[in-house]
Amino acid sequence: MSLFYDLQININGEYTFFLNQDVISKYSGSLRKMIKQSKKKRNKKNKDPEVITIEIDEFPGGPDGFELVSRFCYNNGGISIDVSNVSTLYCCSVFLGMTEKLCFSNLLTQTETFLEEVFYGSWNDIVLSLKNCEQEQVFLHADSYGLVDKLIFSALTKISRSSEAFSSSSPSSSSPSSAKNTPESDKRLTSWTVSCGRSNEWWFDDMSSLSPMIILKLIRITGAYKTNVKSLVLTKFLLHYLKTRLQTKSNKTELMRNKLEYSELADTAVRGVVSAGKTAFSCRKLFWVLRVLSSFTLSRESKTGLETLIGEMLDQATLDDLLIPAAGGSIESSGFYNVDLVIRLLKVFVRNIEEEESKMKEVGRLIDKYLREISPDQNLKVSKFLGVAESLPDSARDCFDGVYRAIDIYLQSHSNLTPQDRTKICRCLNYKKLTRETCKLLARNPKIPPDVAVQALKSSCENQEHRTQEVKLVNKSTCRSRRHSQDKKHVMLHLKGFEISEKLAEELKTKGGYNWKVMDSFREGL
């Protein structure tokens, strides 16, 4: 065997290795074939085949992966294999055709033997092997060779046996080795169902360390991708995963690089939430889901589905739930809070719950609080304020004092408003539903346009006159009733044998208006 180098291999245009043809050809069938082809071309051109140059693109693991292969070859087929490199070495051995046809115990055999132990080994080994697969120059190869599917299948089996989160009709009959892109394995994997419970969430944190490409594969394997996600625990895992990725500051670049994958996961999570519905998620939890997923690019269908679900439960919301910061854009143009979202939720609520008066009034009180909270925002436009205030019907409020207080705060915080805008913002008031005290405050408020103050006082006076008329009618009715009762003489009954004096009887008749009558028996008076 020659010890000098007579072979140059350029990997992915990044790095060149200087090797010996005989050493490499002993273990790699693909490289042996490429060397023979290069020699034939040189012989046809009558060139001296001293050093052969081979270029390899898209090599698994890039230069680092090929360096591991070189060490294996120069170490007479020996290398330390562990969970941190087994996925890379397996893909390299398949790519280079390092099979038993060339030599005994070649790299492919060694990696397959190690992976068999991983498939049925510890949970941590499976996760670390998946972590090794997610490298940019390894994943595509590991996926096409079926390694990712096998590792995910092993992970699901571990979850099933440890927490009973997954159940299958015949899990013991399935093995990772049979999970490589076959129709049978697809049917078996998609038949898995998921039950939910706190004890079934032990694997969430470990799987949250993996890339979105791996998680998408997991979702597809379980049959939940782009379908009705009926598994509540999978939905909760996706929410946990997306929240975790957002909280990790180092993931910001990775979030942008894998924007499409994260959007697909977010859409899948929304479908799971909508499928589970109100029975699995409280109103507050749904607002939490909205806050987490709004950081990703949701499809219009997903956004509408989630907002519809929340809107139907808006009577259960609190002020803190509604105070969602504006998503993206400039605060100067959109304001600090996401007012457009609240307007959309209100439209859903009114459309679905209009006939339930108690719920409507509950939301009316909530929106009055919300208006007072957002009014100081210097970037809140009059049109946005009115959009919120006028989203509810007049019947949602018994009293408009709360709306006036919000307008007062807004006018004090926006001193540069034109008279037209000051008049415009007051149009959401129902003056007839303002208390007398609030009307007085409105009339004295220098920020309120005079014509609005006059109209409010006029409505207040009309209300007062109407109330006065009602009182007079009641009083007339009462007086008539009294006169009618006075015309009728009261009758004083007493039994025979229980006589009263004539003087007392006369006093009762003249002063008390009583007539008296003597009865022979008690029943006679009934």
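About the cut-offs
Residues numbered from 1 in each chain as written. Predicted model: local features only at pLDDT ≥ 70, side-chain atom pairs only at ≥ 80, totals over all residues. Heavy atoms only, no water. Helix = DSSP H or I, 4+ residues; strand = E, 2+ residues; numbered from the N terminus. Buried < 20%, exposed > 50% of the residue type's maximum accessible area, 1.4 Å probe, protein only. Contact = heavy atoms within 4.5 Å. Areas by Shrake-Rupley, 256 points an atom, 1.4 Å probe, with all protein chains shown as cover. pLDDT = per-residue confidence, 0-100. Phe/Tyr/Trp six-rings, centres within 6.5 Å; stacked < 30°, edge-to-face > 60°. Lys NZ or Arg CZ within 6 Å of the ring centre and 35° of its normal. Axes fitted to C-alpha atoms, helices over the stretch in contact; angles between N-to-C directions. Left-handed = near helix turned anticlockwise from the far one by under 90°. Nonpolar A, V, L, I, M, F, W, Y, C, P; charged D, E, K, R; others polar. Pairing = 2+ DSSP bridges. Polar contact = N/O pair within 3.5 Å; in protein donor to acceptor, adjacent residues only side chain to side chain. Patch = residues over 30% accessible without salt bridge, like charges linked within 9 Å, V, L, I, M, F, W, Y side chains within 5 Å. Salt bridge = Lys/Arg side-chain N within 4 Å of Asp/Glu carboxyl O. Lys, Arg positive; Asp, Glu negative; His and termini not counted. Charge placed at Lys NZ, Arg CZ, Asp CG, Glu CD. Core = buried A, V, L, I, M, F, W, Y, C linked by side-chain atoms within 4.5 Å. Domains from an automatic or database assignment.

- An unreviewed UniProt entry lists the protein under the name NPH3 domain-containing protein, with Brassica rapa subsp. trilocularis as the source organism.

**Some remarks on the overall build of the protein**
Thinking step 1. Within the protein one finds 26 helices and seven strands.
Thinking step 2. Counting over 526 residues, the protein shows a buried share of 46%.
Thinking step 3. Taking as baseline every contact in the protein between residues at least 6 positions apart, the subset at least 24 positions apart corresponds to 72%.
Thinking step 4. Split by element, the accessible area of the protein, about 28600 Å² in all, is 50% carbon and sulfur.

**Quick word on the environment of Leu-309**
Thinking step 1. Take Leu-309: it is sitting in helix H16 (residues 300-311).
Thinking step 2. We classify Leu-309 as buried; its relative accessible area is 9%.
Thinking step 3. The sequence separation of Leu-309 and Val-273 amounts to 36 residues, and the corresponding C-alpha distance is 9.1 Å.

**Thoughts on the confidence of the model for the protein**
Thinking step 1. Counting all residues, the mean pLDDT for the protein is 81, and 75% of those residues have values of 70 or more.
Thinking step 2. Here residues 470-474 is modelled with pLDDT under 50, and outside its nearest four sequence neighbours on either side it reaches zero contacts, counting other chains as well.
Thinking step 3. A low-confidence stretch, residues 487-500 (pLDDT under 50), is modelled with 29 contacts involving residues beyond four sequence positions or located in other chains.

**Side note on the side chain of His-141**
Thinking step 1. Among the structural elements, His-141 can be located in helix H7 (residues 136-144).
Thinking step 2. A residue is classified by how much of its surface remains accessible, and His-141, at 14% relative accessible area, is buried.

**Some thoughts on the packing of aromatic side chains**
Thinking step 1. In total, this model carries 15 aromatic pairs according to the counting rule given.
Thinking step 2. Centre to centre, the rings of Trp-203 and Phe-237 are 4.8 Å apart; their planes meet at 35 degrees, and the pair counts as tilted. On the criterion of sequence distance, the pair formed by Trp-203 in the loop between strand E5 (193-194) and helix H10 (204-207) and Phe-237 in helix H12 (residues 232-247) is long-range, its members being 34 residues apart. Take Trp-203 and Phe-237: they sit in the same class, and that class is buried.
Thinking step 3. The structure contains a cluster of three or more aromatic residues connected by ring pairs, namely Trp-203, Phe-204, Phe-237, Tyr-241, Tyr-262 and Phe-296.
Thinking step 4. The ring centre of Trp-288 lies 4.2 Å from the NZ or CZ of Lys-285, which sits over that ring.

**Things to note about the packing of helix H14 (residues 259-276) against H16**
Thinking step 1. Interaxial distance between H14 and H16 falls to 9 Å at its minimum, and their mutual angle equals 30 degrees. Where H14 crosses over H16, the handedness of that crossing is left-handed. Where H14 abuts H16, its residues Asp-267, Val-270, Arg-271, Val-273 and Val-274 lie against Ser-302, Gly-305, Leu-306 and Leu-309.
Thinking step 2. In terms of residue class, the contact of H14 with H16 is made up of five nonpolar, two polar and two charged.

**Comments concerning the sheet that holds strand E2 (residues 15-19)**
Thinking step 1. Strand order across the open sheet formed by three strands is E2-E1-E3, with mixed pairing between neighbours. Sheet topology places E2 and strand E3 (52-56) at the edges, where each strand pairs with a single neighbour. Looking at each pair of strands side by side, their axes are set apart by 20 degrees on average, direction ignored.
Thinking step 2. Note: strand E1 (residues 7-11) against E2, five bridges, orientation antiparallel. Bridge assignment links Ile-9 to a residue of E2, and that residue is Phe-17.

**Focus: the pairing of E1**
Thinking step 1. Along E1, four of the five residues are buried, which leaves the element largely enclosed by surrounding structure.
Thinking step 2. Connecting E1 to the antiparallel partner E2 that follows it, the hairpin turn spans three residues, and Asn-12 within it adopts a positive phi of roughly 55 degrees.
Thinking step 3. Both E1 and E3 contribute to a ladder of five bridges, which runs parallel. Within E3, the residue paired with Ile-11 across the bridge is Ile-56.

**Observations concerning the side chain of Thr-222**
Thinking step 1. With respect to the helices, strands and loops of the structure, Thr-222 is situated in the loop between helix H11 (212-221) and H12.
Thinking step 2. Residue classification places Thr-222 among the buried positions, given a relative accessible area of 7%.
Thinking step 3. In terms of polar contacts, Thr-222 uses its side chain to reach the backbone carbonyl oxygen of Ile-219, at 2.9 Å.

**Thoughts on a positive patch on the surface**
Thinking step 1. Residues Arg-32, Lys-36, Lys-39 and Lys-40 make up a contiguous surface patch of positive charge.
Thinking step 2. In this structure, Lys-39 sits in helix H2 (residues 29-44).

**Section: the environment of Tyr-145**
Thinking step 1. Looking at the secondary structure, you find Tyr-145 in the loop between H7 and helix H8 (147-163).
Thinking step 2. Taking the C-alpha atoms as reference points, Tyr-145 and Val-94, separated by 51 residues in sequence, lie 8.2 Å from one another.

**As for the nonpolar core**
Thinking step 1. One finds Leu-242, Leu-293, Phe-385 and Leu-429 to be the most contacted residues of the largest nonpolar core, which totals 138 residues.
Thinking step 2. Take this core: its biggest share by element is nine residues, from helix H19 (residues 339-353).
Thinking step 3. Taken together, domain 1 (7-151) and domain 2 (201-312) each give at least three residues to this core, which thus spans both.
Thinking step 4. The contacts of Phe-385, once residues within four sequence positions are left out, are Leu-371, Ser-375, Leu-380, Ala-406, Ile-407, Tyr-410, Ile-425 and Cys-428.

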